[in-house]
Every structure is written in structure tokens, then in C-alpha cells.
Amino acid sequence: MDHRITSEWKAKTRDELWRQYDEVNGLLLDLYAELRGRDKKEQQELIERLLLLKQQRLEISRQLAIIS
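Structure report, in brief. (Residues numbered from 1 in each chain as written. Predicted model: local features only at pLDDT ≥ 70, side-chain atom pairs only at ≥ 80, totals over all residues. Heavy atoms only, no water.)

1. Points about the overall build of the protein
Using the following cut-off: Secondary structure counts use DSSP, requiring at least four H or I residues in a row for a helix and at least two E residues in a row for a strand, with both numbered from the N terminus. Each radius of gyration reported is based on C-alpha atoms, and the globular scaling rule is 2.2 Å times the count of residues to the power 0.38. Remark: exposure states derive from per-residue accessible area (1.4 Å probe, protein chains only) relative to the maximum for the residue type, with buried under 20%, exposed over 50%, and partly exposed in between. Whether two residues touch is decided by their heavy atoms; if any such pair falls within 4.5 Å, the residues are in contact. Here Asp and Glu are counted as negative and Lys and Arg as positive; His is not counted, and neither are the chain ends. Here the site of a charge means NZ on Lys, CZ on Arg, CG on Asp, or CD on Glu.
Along the protein, the regular secondary structure elements total 2 helices and 0 strands. In terms of overall dimensions, the protein is more spread out than a globule: its C-alpha atoms have a radius of gyration of 16 Å, far above the 11 Å expected for 68 residues. Along the longest, intermediate and shortest principal axes, the C-alpha atoms of the protein span 60 × 15 × 10 Å. Classification of the 68 residues of the protein by burial places 18% in the buried group. Long-range contacts, defined here as pairs at least 24 residues apart, represent 64% of the contacts in the protein between residues at least 6 apart. Mean positive and mean negative side-chain charge positions of the protein (13 and 13 charges, respectively) differ by 3 Å.

2. A closer look at helix α1 (residues 2–35)
This is how the line gets drawn: Under the convention used throughout, the expected extent of a helix is 1.5 Å for every residue step, that is, one less than its residue count.
Here α1 contains 34 residues, and its C-alpha end-to-end distance of 49 Å stays within 8% of the 50 Å for a straight helix at 1.5 Å per residue. Those residues of α1 that fall on the buried side of the exposure criterion are Leu17, Tyr21, Val24, Leu28, Leu31 and Leu35. One or two steps after α1, the chain reaches glycine 37, where phi turns positive at roughly 80°.

3. Regarding the nonpolar core
Stated precisely, the cut-off is as follows: What we call a nonpolar core is a set of buried Ala, Val, Leu, Ile, Met, Phe, Trp, Tyr and Cys residues that are connected through their side-chain atoms within 4.5 Å.
Leu17, Tyr21, Val24, Leu28, Leu31, Leu35, Leu46, Leu50, Leu53, Ile60, Leu64 and Ile67 form the largest nonpolar core, which has 12 residues in total. In this structure leucine 17 touches Ile60, Gln63, Leu64 and Ile67, once residues within four positions along its chain are discounted.

4. Regarding the packing of α1 against helix α2 (residues 40–67)
What counts here: Throughout, an axis means a line fitted to C-alpha atoms (over the contacting stretch in the case of helices), and angles, computed between N-to-C directions, take values from 0 to 180 degrees. Should an angle lie under 35 degrees it is considered roughly parallel, over 145 roughly antiparallel, and from 65 to 115 roughly perpendicular; all remaining angles are considered oblique. Handedness of a helix crossing follows the sense of rotation of the near helix relative to the far helix, less than a right angle counterclockwise being left-handed and clockwise being right-handed. Just so you know the grouping, Ala, Val, Leu, Ile, Met, Phe, Trp, Tyr, Cys and Pro go in nonpolar, Asp, Glu, Lys and Arg go in charged, and all remaining residues, Gly too, go in polar.
Running from N to C, α1 and α2 point in directions that differ by 160°, and their axes come no closer than 9 Å. When the axes of α1 and α2 are compared, the pair comes out roughly antiparallel. Here the hand of the crossing between α1 and α2 comes out left-handed. Of the residues in the contact of α1 with α2, the class split is 16 nonpolar, 7 polar and 6 charged.

5. Structural notes on the environment of lysine 54
Just so we agree on the cut-off: Whenever two N or O atoms come within 3.5 Å, that pair is a polar contact, provided that in protein one can donate a hydrogen and the other can accept it, and provided that, for residues adjacent in sequence, both atoms are side-chain atoms.
By the secondary structure assignment, lysine 54 is in helix α2. C-alpha of lysine 54 to C-alpha of leucine 28: the two residues are 26 residues apart in sequence and 7.8 Å apart in space. Leaving out residues up to four positions away in the same chain, lysine 54 has contacts with Leu28 and Tyr32. Reaching out from lysine 54, the side chain makes a polar contact with the side chain of tyrosine 32 at a distance of 2.9 Å.

6. Brief notes about the pattern of salt bridges
Operational definition: Salt bridge, as used here, is a side-chain nitrogen of Lys or Arg placed within 4 Å of a carboxyl oxygen of Asp or Glu.
Taken as a whole and assessed by the stated rule, the structure comprises 6 salt bridges. Across the salt bridge formed by arginine 4 and glutamate 8, the nearest N and O atoms sit 2.7 Å from each other. You can see arginine 4 and its partner glutamate 8 sitting in helix α1, 4 residues apart, about one turn around the helix. For glutamate 8, a relative accessible area of 45% corresponds to the partly exposed category. With a closest N to O distance of 3.6 Å, arginine 38 and glutamate 34 form a salt bridge.

Right, here's the structure in full:
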């Protein structure tokens, strides 16, 4: 019974992490598209947001690796 509960928890957690990963990827794609046609100051702000999202995506990847 404990094994079944653990398996269900892992599956649910994995699904949630993949949802978060996909959401972050979507945000990254949107920001990359926004970079075009922006001035240097605006580009720098977008790049900072990109770096934060990349860090978030990396952390999600680490969590996925631990669960798998």
C-alpha cells in the first residue's frame, strides 16, 4: 500500500513539475520574441527576466531528476 501511495505521489508531482516546466518554457519563448526591436535598456531588463526563468527551469529539471 505504501508503495502505491508513493508511486501516485511521484506521478502527480512529476505531472505538476512538467506543467511548470512547460509554462516557464512558454514564458521564455515570449520573452525571446519581445527582445527583437527593443532598445538596449529594455533588452537588458528582458535578459534579466530570462536569466531568472532559466534558473527556475533548471531547478524544476533538478526536481524532475530526483523524482525519476
